[in-house]
Amino acid sequence: MAKLEAFINKGDMVYSAVSNKGAYWHIAHSLKVLNGISEVLKNSNPSDYHPKSSWTKFIIINTGYIPRGKGCAPQHTLPQDKITKEELLVHLKKVKYASTKLKDLPTGKTFRHPLFGWLNLKDNLTLLKIHTHYHLKIIKDINRSY
């Protein structure tokens, strides 16, 4: 969270050689995902969990690597075009609060990922770290261009 906050304070940098979206877009998307999955996990029903093997999930969870340009985010996780620093800071505050509650969730909480299928709490937390790190790397690459 501290790294995302630091980049919010640097402003909305854009460098199309790295990404067609600016730094604020990547931050907003990361925050939407963190908040959205936190909410789903909190309200999930463990009896809905139906695990299924997925090579993609296995590779990403175990390597911590997401290749650039290969993913397609669900529409509801995509930020609006104009994103302000103030909106990001408000959203960051909500995510900070939600993330403190994640550690208190029972281990049976689950989330159905659109690509990987059902993920248990541990895999969800791992994937959230990997996903956030993925977008932080893009933001860092954009920042290097300035």
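Anything mentioned here points back to the structure above.
These figures come from a predicted structure and were not determined experimentally.

Cut-off values and rules
Residues numbered from 1 in each chain as written. Predicted model: local features only at pLDDT ≥ 70, side-chain atom pairs only at ≥ 80, totals over all residues. Heavy atoms only, no water. Helix = DSSP H or I, 4+ residues; strand = E, 2+ residues; numbered from the N terminus. Contact = heavy atoms within 4.5 Å. Lys, Arg positive; Asp, Glu negative; His and termini not counted. Charge placed at Lys NZ, Arg CZ, Asp CG, Glu CD. Axes fitted to C-alpha atoms, helices over the stretch in contact; angles between N-to-C directions. Left-handed = near helix turned anticlockwise from the far one by under 90°. Nonpolar A, V, L, I, M, F, W, Y, C, P; charged D, E, K, R; others polar. Buried < 20%, exposed > 50% of the residue type's maximum accessible area, 1.4 Å probe, protein only. Arc of directions from axis to C-beta.

J.: Before we go on, may I ask you to explain the overall build of the protein chain in this structure?
T.: Scanning the protein chain for helices and strands turns up five helices and two strands. Written out in order from the N terminus, the α and β elements of the protein chain read α-α-α-α-β-β-α. Counting only C-alpha atoms and orienting by the principal axes, one finds that the protein chain spans roughly 50 × 30 × 25 Å. Sequence-distant contacts, at least 24 apart, represent 79% of the contacts inside the protein chain between residues at least 6 apart. Separation of charge centres in the protein chain, based on 23 positive and 10 negative side chains, amounts to 5 Å.

J.: Looking at this structure, how should I read the packing of helix α1 (residues 2-10) against helix α2 (residues 23-43)?
T.: Direction vectors running N to C along α1 and α2 enclose 145°, while the axes themselves pass 10 Å from each other. Taken as a pair, α1 and α2 cross one another with a handedness that is left-handed. Here L4, F7 and I8 of α1 lie close against α2, whose contacting residues are Y24, I27, L31 and L34. Residues belonging to the contact of α1 with α2 are distributed by class as follows: seven nonpolar, no polar and no charged.

J.: Honestly, α1 in this entry has me stumped. Any pointers?
T.: Note that an α-helix has 3.6 residues per turn; residues three or four places apart therefore point the same way. Inspection of α1 places L4, F7 and I8 among the buried residues, and these make up the whole buried set. Buried residues of α1, seen end-on, are gathered within an arc of 110° and therefore sit on one face of the element. Across from the buried face of α1, at angles greater than 90 degrees, the exposed residues are A2 and K3. One or two residues past the end of α1 sits G11, with phi positive at roughly 100°.

Interpretation note: all reported values are geometric properties and have no functional meaning in isolation.
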